[in-house]
Amino acid sequence: MVHNKNNSYRWVVLFIMAIGAFGPNYTQFQLSPLAPQIIETFGLTNTEFSSVFTSPMIPAIMFSLIAGLLVDKYGAKKIIAIALLVTALGTIWRIWTSSYLTLFVSMFLTGVGITFLNANGPKIIGSWFPPEKVGTMMGVFLSAATLGMTLGMGTTAMLPSIKSAYIIAAIISVLAFLLWVLLMKTPPTSAGNQESSSEGTLDSLKVCLKSRNVWITGFALLFLFGLNLSISSFLPTALGQRGIDPVAAGVYASMVTFGNLTGCLLMPMLAAKLGKNKPIILTMALVGALGGAFAWLAPVGILLYIALFITGVAIGSLMPLLVSIPIQLPEIGPRYAGTAGGVVSTLQLLGAVTIPTYIAAPIAGDNFYLFFIIGGISAFLTFLLSLALPEVGRKAA
């Protein structure tokens, strides 16, 4: 088997992908603790700032399916190199942005590379690692993205200026591009990795779009990401309104993404040990809904740290557990997992962009109590949808 070869090099592949995932998330989540300064500098409304913050996710809505098709046809090395170059150029341009429009467009461009990496992550990792390791390695890949969020949110307020923060992000994005171009090799192929030539794209789409469970999973993630981005975009600002200084607010907010990282790594392992995913999904969805609505109101100090961390664990636990469902569905399996992943990815990022920016912010205005309650309701909808999902663990009835 091909997987027995290149044992050391496959870790290089995973490292390059991890840097590629870390960079754009670090770039995006720098904006959260900088929100008051950016809003004042550019004269933005909360809705406009939210649109800037979520703009890196718009490429995922537009290009997730296309990303998979292009990589299938032309290969991962060339296509993703171009996508990472676009991200690097967008991150560099951001250093000199001087208006809402230029900031929005530059941030939009920073999301292109991660869109292509996310859409093709299972395909690339599956080309280098044996099937039984793909889930674990995807957890590492997703954790690199969460680490980028954590450091972006937790450390940016400590930097001397907005420009210095932007320069650090630009260096990381250029590094990711250079590592990919210089070190990434064309993935090995085997019979198990060959794409089916007898079935067209429309046939694959038809199978996935007919799957009730793909749609349920996609909408469950849509509402989950609605909460996640509501917290990410405005939590430091909301804590600031409670009288917490910007540096401390950034540290408090980073507890959510630190919790994300913890949940992303540990809960899939717990689910595998239990042999059942659904009890964990339902429990974490309820915890996330309550935490999303009320955790930010906990007393300042250790209780606020704990409440935000637990909320982050709940949200982070749900991401890998829900994302992994399509490949485990009998009607999807590995054969249609790429296309199903594109459908789910499109829906989840649609929720990330639309719910905080175009639903919660316009309804709540400057009322953060109402804003986070809307986020909690969004996660409760994830709970309700998850009730209808099948159990896909090894102990499924």
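Just so you know, these numbers come straight off a predicted model, no measurement behind them.

A few words now on the overall build of the protein chain. Helices and strands together make up the secondary structure of the protein chain, namely 17 helices and 0 strands. Taken against the 2.2 N^0.38 rule, which gives 21 Å for 397 residues, the C-alpha radius of gyration of the protein chain at 20 Å falls within 12% of a compact globule. Here the C-alpha coordinates of the protein chain stretch approximately 60 × 50 × 35 Å along the principal axes. Among the 397 residues that make up the protein chain, the fraction classed as buried is 57%. Look at the contacts in the protein chain between residues 6 or more apart in sequence, and 85% of them connect residues 24 or more apart.

Attention now moves to the confidence of the model for the protein chain. Looking at the protein chain, pLDDT values average 85 and 90% of them are 70 or higher. In this model, residues 1–5 is a region of pLDDT below 50 whose contacts with residues beyond four sequence positions or in other chains number 11 contacts. Here residues 190–198 is a poorly scored stretch, pLDDT under 50, and it has 9 contacts once near neighbours within four places are set aside; other chains count.

We now examine the nonpolar core. Within the largest apolar cluster, 87 residues are counted, with the highest numbers of intra-cluster contacts made by Ile38, Phe49, Leu235 and Leu322. Apart from the residues lying within four places of it in its own chain, the contact partners of Leu235 are Ser230, Ala253, Val256, Trp296, Leu308 and Phe372.

The next thing to look at is the packing of helix 13 (residues 278–294) against helix 17 (residues 368–386). The contact between helix 13 and helix 17 brings their axes to 7 Å, and the two run at 170°. Relative to helix 17, the element helix 13 lies roughly antiparallel. Where helix 13 approaches helix 17, its residues Lys278, Ile281, Leu282, Ala285, Leu286, Gly288, Ala289, Gly292, Ala293 and Phe294 are matched on the opposing element by Phe372, Ile373, Gly376, Ala379, Phe380, Thr382, Phe383 and Ser386. Residue classes in the contact of helix 13 with helix 17 are distributed as 12 nonpolar, 5 polar and 1 charged.

So, on to helix 13. Helix length check: helix 13 (17 residues) gives 24 Å between terminal C-alpha atoms against 24 Å at 1.5 Å per residue, within 8%. Among the residues of helix 13, Ile280, Ile281, Leu282, Met284, Ala285, Gly288, Ala289, Gly291, Gly292 and Ala293 are the ones counted as buried. Each element contacted by the buried residues of helix 13 is listed here: helix 11 (212–241), helix 12 (246–274), helix 14 (302–323), helix 15 (325–328) and helix 17.

Moving on, we come to the side chain of Gln28. Position of Gln28 relative to the elements: it lies in helix 1 (residues 9–29). Residue Gln28 is classed as buried on the basis of its relative accessible area of 3%. Discounting chain neighbours no more than four positions away, the residues touching Gln28 are Phe53, Thr54, Pro56, Met57, Met107 and Leu229.

What follows covers empty space enclosed by the protein. Once rolled over the atoms, a probe with the size of a water molecule shows which space is left empty. On inspection of all chains with the given rule, the structure shows 3 cavities of 30 Å³ or more. Estimates place the volume of the largest cavity at around 50 Å³. In terms of lining, the largest cavity is formed by Ile231, Leu235, Val256, Gly291, Gly292, Ala295, Trp296, Leu308, Thr311 and Phe372. For the lining of the largest cavity, the secondary-structure elements that each account for two or more residues are helix 11, helix 13 and helix 14. A volume near 40 Å³ is recorded for the second largest cavity. Class assignment of the residues belonging to the lining of the second largest cavity gives a composition of 5 nonpolar, 2 polar and 2 charged.

Where helix 11 meets helix 17, the closest approach of the two axes is 8 Å, and the angle between their N-to-C directions is 160°. As summarised for this structure, helix 11 and helix 17 are arranged roughly antiparallel, according to the angle between their axes. Crossing geometry of helix 11 relative to helix 17 is assigned as left-handed. Considered class by class, the residues forming the contact of helix 11 with helix 17 number 16 nonpolar, 9 polar and no charged.

Let's shift gears to the packing of aromatic side chains. In the structure shown here, the tally under the stated rule is 17 aromatic pairs. An aromatic cluster is defined as three or more aromatic residues linked by ring pairs; in this entry it consists of Phe29, Phe49, Phe53, Phe234, Trp296, Phe368, Tyr369, Phe371 and Phe372. Note that Lys185 overlies the ring of Tyr9, its terminal NZ or CZ placed 4.4 Å from the centroid.

Turning to its location among the elements, Ser233 is positioned in helix 11. Residues Ser233 and Tyr100, spaced 133 residues apart in sequence, show a C-alpha to C-alpha distance of 16 Å. Ser233 has contacts with Ser32, Phe49, Phe53 and Pro356, leaving out every residue within four places of it along the chain.

Conventions used here
Residues numbered from 1 in each chain as written. Predicted model: local features only at pLDDT ≥ 70, side-chain atom pairs only at ≥ 80, totals over all residues. Heavy atoms only, no water. Helix = DSSP H or I, 4+ residues; strand = E, 2+ residues; numbered from the N terminus. Rg over C-alpha atoms; globule rule 2.2 N^0.38 Å. Buried < 20%, exposed > 50% of the residue type's maximum accessible area, 1.4 Å probe, protein only. Contact = heavy atoms within 4.5 Å. pLDDT = per-residue confidence, 0-100. Core = buried A, V, L, I, M, F, W, Y, C linked by side-chain atoms within 4.5 Å. Axes fitted to C-alpha atoms, helices over the stretch in contact; angles between N-to-C directions. Parallel < 35°, antiparallel > 145°, perpendicular 65-115°, else oblique. Nonpolar A, V, L, I, M, F, W, Y, C, P; charged D, E, K, R; others polar. Expected span 1.5 Å × (residues − 1). 1 Å grid on protein atoms, 1.4 Å probe; cavity = no way out; pocket = protein on both sides within 12 Å on 5 of 7 lines; lining within 4 Å. Points joined across faces, edges and corners; volume = space filled by probe spheres on them. Left-handed = near helix turned anticlockwise from the far one by under 90°. Phe/Tyr/Trp six-rings, centres within 6.5 Å; stacked < 30°, edge-to-face > 60°. Lys NZ or Arg CZ within 6 Å of the ring centre and 35° of its normal.

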